[in-house]
Structures are given as C-alpha cells and as structure tokens.
Amino acid sequence: MISAFSENIGLEPVRIGDGEAEVSLRMAEHLRNRGNVMHGGAIFSLMDVTMGLACSSAHGFDRQSVTLECKINYIRAVAEGEVRCVAKVLHAGRRSLVVEAEVFQGDKLVAKGQGTFAQL
C-alpha cells in the first residue's frame, strides 16, 4: 500500500478509508536537519504521501493519482518523538481531487497543507 520511499523514511499507515488517511512518522537520526530537528522535507513527504493515500481511498486503489501542486505551512519544529498526519479529500472530481492535511505531535499542530491531485 505504501511505496519503498515511504518505508525508507519510516512512514507507518494508521488508518485509510472513505477519502481520509492517517500516517505516522517517528523521529530518526536520518530525518534530522542541520538544526537537529525533523527536516521539513520529511514532514512534507509525510503530508504528500498521506494526502495521496486519502485520494486512493476516495477513488479506489485500482486507480492512480499524482500530485499537481502542494502548499505547506510549517508551524513548529519537531525535535523528538512521533508526528502523525491526517488528510481528508475536500473535493473528488472526475479528473482532480483537492485534499487538506494537518500534521500533529500530540495535540500540537506542526504543519498544515493543501494539495491538488490528478486522477489518472
């Protein structure tokens, strides 16, 4: 269900269905940036993969979707522990889907984003 890339960085699916997905990521040394916190690219990858899984759960895993654009706002840094991303399809058209996502550490918002995906 997830790609080799997702496994490589440590993404763990938690819940997938009905146009929604939740994926977790535990801090690891290979995810740290020079500031010794989780790299923004790791958080972005978590969000992109989670939104993609939400799309797949909306249109079916027999079809594919690809990211057309994605915007993210980083709210706070992550030094230790685990983060989780929750994504929800806001609109599922015949050709494109609009998805929103939030990344949390516990009850604290780490990042918020929105993406547009093409349905292939």
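Our subject is the structure that appears above.
Residues numbered from 1 in each chain as written. Predicted model: local features only at pLDDT ≥ 70, side-chain atom pairs only at ≥ 80, totals over all residues. Heavy atoms only, no water.

Caption draft 1: Region of the structure containing unusual backbone geometry. Look at D18: it is not a glycine, yet its phi comes out positive at around 55°. Mapped onto the secondary structure, D18 falls in the loop between β1 (11-17) and β2 (20-26). Given a relative accessible area of 79%, D18 falls into the exposed group. (Helix = DSSP H or I, 4+ residues; strand = E, 2+ residues; numbered from the N terminus. Buried < 20%, exposed > 50% of the residue type's maximum accessible area, 1.4 Å probe, protein only.)

Caption draft 2: Spotlight on the environment of H91. Position of H91 among the secondary structure elements: in strand β4 (residues 82-92). It is 9.4 Å that separates the C-alpha atoms of H91 and G19, two residues lying 72 residues apart in sequence. In contact with H91, not counting residues within four places along its chain, are S96, L97 and V98. (Contact = heavy atoms within 4.5 Å.)

Caption draft 3: Geometry of the pattern of salt bridges. A complete count under the given rule lists 7 salt bridges for this structure. Two residues, E82 and R26, come together in a salt bridge whose shortest N-O distance is 3.4 Å. Taken together, the residues E82 in strand β4 and R26 in strand β2 connect sequence positions 56 residues apart. Of the charged contacts in the structure, one is a salt bridge between R32 and E29, with a shortest N-O distance of 3.1 Å. For R32, a relative accessible area of 15% translates into the label buried. (Salt bridge = Lys/Arg side-chain N within 4 Å of Asp/Glu carboxyl O.)

Caption draft 4: Representation of the pairing of strand β6 (residues 108-119) in the model. Two strands pair when backbone bridges link them, and strand β3 (residues 65-74) and β6 are joined in this way by 9 bridges, in the antiparallel orientation. What sits directly across from N73, in β6, is K112. Summarising the sheet, strand β5 (residues 96-105) and β6 pair through 10 bridges and their orientation is antiparallel. Within β6, the position partnered with A101 by the bridge is G113. The turn linking β5 back onto β6 is made up of 2 residues, and G106 within it adopts a positive phi angle of 65°. (Pairing = 2+ DSSP bridges.)

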